[in-house]
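# Secondary and tertiary structure notes
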Amino acid sequence: MTKIDQIETLILEVPTIRGHVLSMATMRTQTAVLVRVRFSDGSEGIGEGTTIGGLSYGPESPEGIQLAIETYIAPALIGRNGDDVNGANQLIDKLVKGNRIAKTAVEIALWDGLGKRLGVPVSQLFGGGVHDHLPVAWTLASGNTDTDIAEAQEMIEKRRHNIFKLKIGKRSVREDVAHVAKIIEAIGGAGTVRVDINTAWSLHDARWGLKGLQEAGCELAEQPVPARDRRAMAELVKGYEIAVMADEALNGPEDALDVASARAADVFAVKIGQSGGLKRASEVIAIGQAAGLGLYGGTMLETGLSTAAALQLFSTVGEMAWGTELFGPLLLTEDILATPIVYRDFCVEVPQGAGLGVALDPDKIEFFRRDRERTMKAVAGK
Ligand code: MUC
Ligand code: MG
């Protein structure tokens, strides 16, 4: 039996290429929690758990993710069969409530290790990939309309992205709608535009907002109202033609069932971290499919590592009608992978090779670690 010997964590801080202005925070760096699992046969698996804007986006912070892994998840898994990912998930779900991003980071490392030992990509462990590339959106969030327009035009020119997600919700509804309308006009037919409000609007704001956005030609509005407000989401789904997407409302399969039953979304933004791992994300996907909803491959602006993990899973899904937004590595000043993920022709390519199909660049890890003096701390087994 291949046993889990050690689980180590590390926090990285990587600057973003420009300020990324969201309704609840402006990001100038991204903070990622990396996990390395060492197995008794000498094999290893790596994973990542990442959130956005400290504690401003959701209930887990980078420090909390690290603590949950080191103090609660790792000790429970040391000595267990490394191949038994389902067993690990079931045990951890009993011992640790919530903390989905922390669970995800460790689960990804287990899948990576298993895939490497078997010599197959993680997608194979989910029945096999049916796509080798997927459409990928870019988020315009510079905080300035003209800068966003120039950025969109550059992306179209380079054939890197032609789907744009605009982050709104910080300014008044009227200003936001005017901002979106200007960008749609400037892009013309060369790209499509969606918005993400990140829960900033009341139902009343959202009624005005969706009306204006729809008239401007915006195709989708992501999480306009607070995550818990399923009734408001359902009212917006019914009241407007523009697609309404659930993001913050979707924390795992139980939420997915709840949102689908309440018809509180047209589209699911499936995020591996928010779902609680690849397995739980596959369950969210299945519920969305069964409910006849559209699917979108979401991101928590992870580095290339968890972006690769999401790609492994999303490549197995028959139809992601709204594409993906797996552009996280491109928002960072430097890639932390030895071989960066490839973006071309408006798509992102699924990494090939065993496990996640990616390796870390050790020099970059050393350079961007939050605490450069501290060696990767072995939680157990030493
Ligand atoms: C979110 O809320 O969807 C995804 C893209 C981006 O720019 O921010 C995220 C988070
Ligand atoms: Mg969102």
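What you see is a predicted model; the values in this text were computed from it and never measured. Here the residue numbering is sequential within each chain, running from 1 through the sequence in written order. As they are written, the chains are lettered A onward and the ligands numbered 1 onward, keeping that order. Per-residue local features are limited, in this predicted model, to residues with pLDDT of at least 70; the limit for side-chain atom pairs, both in listing and counting, is 80 or more; totals at the level of whole chains, interfaces and linings are taken over all residues. Derived side-chain values reflect all non-hydrogen atoms in the structure, with water molecules and hydrogen atoms excluded from consideration.

## With respect to the domain arrangement of the chain
To keep things clear, this is the line we draw: Segmentation into domains, and thus their bounds, comes from an automatic or database assignment. In this description, contact between two residues means that some pair of their heavy atoms is separated by no more than 4.5 Å. Here's the idea: put two parts together, see how much 1.4 Å probe accessible area each one loses, and the total over both is what we call buried area. Any Lys or Arg side-chain nitrogen located within 4 Å of an Asp or Glu carboxyl oxygen qualifies as a salt bridge. Identification of polar contacts relies on pairs of N or O atoms within 3.5 Å, with a donor-acceptor requirement for protein atoms, meaning one able to donate a hydrogen and the other able to accept it, and with residues adjacent in sequence counted only if both atoms are side-chain atoms. Only DSSP runs of H or I reaching four residues or more are called helices, and only runs of E reaching two or more are called strands; each is numbered from the N terminus. In this count, Pro and Cys sit with the nonpolar residues alongside Ala, Val, Leu, Ile, Met, Phe, Trp and Tyr, while Asp, Glu, Lys and Arg are called charged and the others, Gly among them, polar.
Split into domains, the chain comes out as domain 1 (4–119 + 360–380) and domain 2 (125–349). Distance between the C-alpha centres of domain 1 and domain 2: 24 Å. Opposite the 42 residues of domain 1 that make contact, domain 2 presents 47 residues. Of the roughly 3,600 Å² buried between domain 1 and domain 2 on both sides combined, carbon and sulfur atoms contribute 63%. Here domain 1 is connected to domain 2 by four salt bridges. Measuring nitrogen to oxygen at the nearest pair gives 2.7 Å for the salt bridge that ties Glu-151 to Arg-18. Where domain 1 touches domain 2, the interface holds 24 residue pairs in polar contact (both at pLDDT 80 or more). Of all the elements in the fold, those that place two or more residues in the side of domain 1 that touches domain 2 are β1 (4–21), β2 (26–39), β3 (44–50), α2 (85–95), α3 (100–118) and α13 (362–368). Of all the elements, α3 adds the most residues to the side of domain 1 that touches domain 2, at ten residues. Here the side of domain 1 that touches domain 2 is built from residues that sort into 21 nonpolar, 13 polar and eight charged.

## Describing the coordination of the magnesium ion (ligand 2)
This is how the line gets drawn: Note that water is not among the atoms considered, so a metal site may appear incomplete; the donors listed are N, O and S atoms within 2.8 Å of the metal, with 3.2 Å applied to Na, K and Ca. Using a 1.4 Å probe on the protein chains alone, a residue whose accessible area is under 20% of its type maximum counts as buried, one over 50% counts as exposed, and one in between counts as partly exposed.
Around the magnesium ion (ligand 2), the donor atoms from the protein are Asp-196 (OD), Glu-222 (OE) and Asp-247 (OD), and they sit 2.0 to 2.2 Å away. Judged by relative accessible area, which is 0%, Asp-196 ranks as buried.

## Considering the sheet that holds strand β9 (residues 243–246)
As a reminder of what qualifies: Strands were regarded as paired on the criterion that DSSP finds at least two bridges between them. All axes here are fitted lines through C-alpha atoms, helices being fitted over the stretch that makes contact, and every angle between N-to-C directions spans 0 to 180 degrees.
Across the sheet, seven strands lie side by side as β5-β6-β7-β8-β9-β10-β11; this open sheet has parallel pairing. Of all the strands in the sheet, the pair left with one neighbour each is β5 (138–140) and β11 (294–297). Strand-to-strand twist across the sheet, computed as the mean angle between neighbouring axes with direction ignored, equals 30°. As judged from the four bridges shared by strand β10 (residues 267–270) and β11, these two strands associate in the parallel manner. Considered in β11, the bridge of Phe-268 is made with Leu-295. In the packing of helix α11 (residues 278–290) onto the sheet, contacts are made with β10 and β11, and the angle to β10 comes to roughly 170°.

## Thoughts on the packing of aromatic side chains
Rules: Centre distance within 6.5 Å is the pairing criterion for rings of Phe, Tyr and Trp, where only the six-membered ring of Trp is used; planes under 30 degrees apart are then read as stacked, over 60 as edge-to-face, and the remainder as tilted. Ring-over charges, as used throughout, are those where CZ of Arg or NZ of Lys falls within 6 Å of the ring centre and within 35 degrees of the ring normal.
For the structure shown, the criterion picks out three aromatic pairs. On the numbers, 5.0 Å between centres and 90° between planes, the contact of Phe-367 with Phe-368 is edge-to-face. Looking at Phe-368, the relative accessible area reads 6%, which means it is buried. Across the ring face of Phe-39, the terminal group of Arg-117 is positioned such that the distance to the ring centre comes to 4.1 Å. If you follow Arg-160 out to its NZ or CZ, it ends over the ring of Trp-138, 5.1 Å from the centre.

## Quick word on the pattern of salt bridges
If you walk through the whole model with that rule in mind, you get 31 salt bridges. As a salt-bridge pair, Glu-63 and Arg-370 come within 2.7 Å of each other at their nearest N and O atoms. In this pair, Glu-63 sits in helix α1 (residues 62–77) while Arg-370 sits in the loop between α13 and β14 (377–378), placing the two residues 307 residues apart along the sequence. Residue Glu-63 is classed as partly exposed on the basis of its relative accessible area of 39%. On the accessibility criterion, Arg-370 (37% relative accessible area) is partly exposed. Each of the salt bridges in this network shares a partner with another, and the network as a whole consists of Lys-165, Lys-167, Asp-196, Glu-222 and Glu-325.

## Some thoughts on the sheet that holds strand β12 (residues 343–344)
In space, the three strands of this open sheet follow the order β4-β13-β12, with antiparallel pairing throughout. Each of the sheet's edge strands pairs with one partner strand only, and the pair in question is β4 (133–135) and β12. Where β12 lies against strand β13 (residues 347–349), two bridges are found, and the strand directions are antiparallel. Across the sheet, Arg-344 pairs through a bridge with Cys-347, a residue of β13.

## Quick notes on the site of ligand 1
Short version of the rule: Residues are labelled near a given molecule or strand when at least one of their non-hydrogen atoms is within 4 Å of it. Accessible surface is estimated by sampling points in the Shrake-Rupley manner with a 1.4 Å probe; for residues, cover comes only from the protein chains shown.
By nearness alone, 15 residues border ligand 1, and His-20, Lys-165, Asp-196, Asn-198 and Asp-247 come closest of all. Contacts to ligand 1 include Lys-167, whose side-chain N or O atom sits 3.2 Å from an oxygen atom. The separation between an oxygen atom of ligand 1 and a polar side-chain atom of Asn-198 is 2.8 Å. Bound to the protein, ligand 1 loses 100% of the 280 Å² it would expose on its own. For the shell around ligand 1, the class distribution of residues is four nonpolar, four polar and seven charged. In this structure, the shell around ligand 1 is formed jointly by two domains, domain 1 (4–119 + 360–380) and domain 2 (125–349), each of which donates at least three residues.

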